[in-house]
Amino acid sequence: MILELNLQFFAADGPGGEKTEEPTQKRKNDTREEGKVPKSKELSNAVDLIALFVILRFWIGTMGSRFKGIFEEIYGKFPDYTTYWGGNIITKDYDVLFKGVIVDMLILVLPFFAAGIVLAVVINMLQFRFKITTKPLRPKFSKLNPVSGFKRIFSADKLMELLKSIAKIFIIGIVVYTTVKDEWRYLFQIYSMSFYQALALIYDIVVDMGFKISLVYLLLAFIDLIYQRRKFNKDIKMTKQEVKDEYKNTEGDPQIKGKIRSKMREASQRRMMQDVPKADVVITNPTHYAVAVRYDPSEAPAPVVLAKGADYIAQKIKEIARENNVEIVENKPLARMLYANVDIGQEVPPELYQAVAEVLAMVYKLQGKI
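Owing to the predicted nature of the structure, the values given are computational and were not obtained by experimental measurement.

## Side note on the sheet that holds strand S5 (residues 304-310)
Right, so step 1: Pairing within the open sheet is mixed, and its four strands lie in the order S5-S4-S3-S6. For this open sheet the edge positions go to S5 and strand S6 (327-330), each flanked by a neighbour on one side alone. The average undirected angle you get between the axes of adjacent strands in this sheet is 20°.
Right, so step 2: Sheet topology places strand S3 (residues 281-284) next to S6; four bridges connect them, and they run parallel. Looking across to S6, one finds that Ile283 is bridged to Val329.
Right, so step 3: Together, S3, strand S4 (289-294), S5 and S6 form the strand contacts of helix H10 (residues 312-323), whose direction differs from that of S5 by roughly 130°.

## Re the environment of Val276
Right, so step 1: Tracing the backbone through its elements, the reader meets Val276 in the loop between helix H9 (254-275) and S3.
Right, so step 2: Spatially, the C-alpha atom of Val276 lies 6.8 Å from that of Ile317, the residues being 41 residues apart in sequence.

## Quick notes on the packing of aromatic side chains
Right, so step 1: Applying the stated criterion across every chain, the model contains two aromatic pairs.
Right, so step 2: Measuring from ring centre to ring centre gives 6.3 Å for Phe53 and Phe211, while their planes differ by 50°; the resulting arrangement is tilted. Taken together, the residues Phe53 in helix H2 (residues 41-77) and Phe211 in helix H7 (residues 195-235) connect sequence positions 158 residues apart.
Right, so step 3: Exposure remark for Phe53: the relative accessible area of 11% places this residue in the buried category.
Right, so step 4: On the basis of relative accessible area, Phe211 is assigned to the partly exposed category, the value being 24%.
Right, so step 5: Summarising the aromatic geometry, the rings of Tyr289 and Tyr339 are spaced 4.7 Å apart at their centres and angled 40° between planes, so their arrangement reads as tilted. Remark: Tyr339 occurs in helix H11 (residues 332-341) and Tyr289 occurs in strand S4; sequence separation between them is 50 residues.
Right, so step 6: The class of Tyr289 is partly exposed, set by a relative accessible area of 23%.

## Examining the pattern of salt bridges
Right, so step 1: Taken as a whole, this structure holds six salt bridges when the rule is applied.
Right, so step 2: With a shortest N-O distance of 3.0 Å, Lys168 and Glu42 are connected by a salt bridge. With Lys168 in helix H5 (residues 156-182) and Glu42 in helix H2, the pair connects residues that are 126 residues apart, well separated along the chain. Each member of the pair, Lys168 together with Glu42, is buried.
Right, so step 3: Glu299 is the partner of Arg294 in a salt bridge, and the nearest nitrogen-oxygen pair spans 3.6 Å.
Right, so step 4: Residue classification places Glu299 among the exposed positions, given a relative accessible area of 58%.
Right, so step 5: Where salt bridges share partners, they join Arg294, Asp296 and Glu299 into one cluster.

## Topic: a nonpolar patch on the surface
Right, so step 1: Together, Leu159, Leu162, Leu163 and Ile166 line one region of the surface with nonpolar side chains, adding up to about 390 Å² of accessible area.
Right, so step 2: The topology assignment puts Leu163 in helix H5.
Right, so step 3: You can call Leu163 partly exposed: its relative accessible area is 47%.

Calculation criteria
Residues numbered from 1 in each chain as written. Predicted model: local features only at pLDDT ≥ 70, side-chain atom pairs only at ≥ 80, totals over all residues. Heavy atoms only, no water. Pairing = 2+ DSSP bridges. Helix = DSSP H or I, 4+ residues; strand = E, 2+ residues; numbered from the N terminus. Axes fitted to C-alpha atoms, helices over the stretch in contact; angles between N-to-C directions. Contact = heavy atoms within 4.5 Å. Phe/Tyr/Trp six-rings, centres within 6.5 Å; stacked < 30°, edge-to-face > 60°. Buried < 20%, exposed > 50% of the residue type's maximum accessible area, 1.4 Å probe, protein only. Salt bridge = Lys/Arg side-chain N within 4 Å of Asp/Glu carboxyl O. Patch = residues over 30% accessible without salt bridge, like charges linked within 9 Å, V, L, I, M, F, W, Y side chains within 5 Å. Areas by Shrake-Rupley, 256 points an atom, 1.4 Å probe, with all protein chains shown as cover.

See the structure below:
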């Protein structure tokens, strides 16, 4: 029997082929909105572990004396909360006694809780920019797909997590073994020690071993952070088709934008051609350029360019000028200067006043206006 193997089952998600393109800023922002960031949970755990043993190192004496004081207070106050009546023990108001004990116990463990919360926030903020988003809380029905779930179970990510767990157990096991091996001769003498001496010995061994494990864990966490960042950058890479689609969605389809620009040019040209009959003169190259100029002191202190064009547009301007009896004057240098330096609707610059004035004077003289 021959079985067909569909390799697409194990292919990476994403249309358009292989992800070879660097992620765009929009892709990074969208990924951040979804709550996906390059972070290492191991780093937070390692720092919390170090903080635990640092606090134990400096707080254990206070904890010991406070625990001793709490127990002495409880057993010392039992007679005050106990009444004997007819040979029977009647208790009263123990809740008042134990409420005070609970408060004292909370105060003892408060540094551990406070350090854990503060360090968790600080370490995460150092790894990525803080931003509140609710998208990760939204239900995703795609996660109920058994095929996708099967792929996640046997994915490279899960294999990497398994290898990391094995490495942590192996390395931490070596640290524990070497630490206990160095103190083994003292552990054999623990039965000959007093209670406080034995307690101090065990405390020193545990804290020393804890610091060593924490430092090794911290080193593994930094390696994991580098891996997570590289993996994240690889995961959010884009295919060429995704880059094109994103550009279309954000900037618009280039073909549609080209058509829009073409329509806008056509509309602008139609408005320009409608102003040609209002011109006093059309100055030409004569074949390549045509510039329609109007001078009305009540509208502007200087002559204004109403229309201009080259080649085909220039011929259309001259055609409309002839149809509306607008004078056409050939002046190659002036036509070239006006076309290159003055936009439609702008006034003629002062350096061209003299040349334009001479043309207008000639036209007004021909028309009998002067």
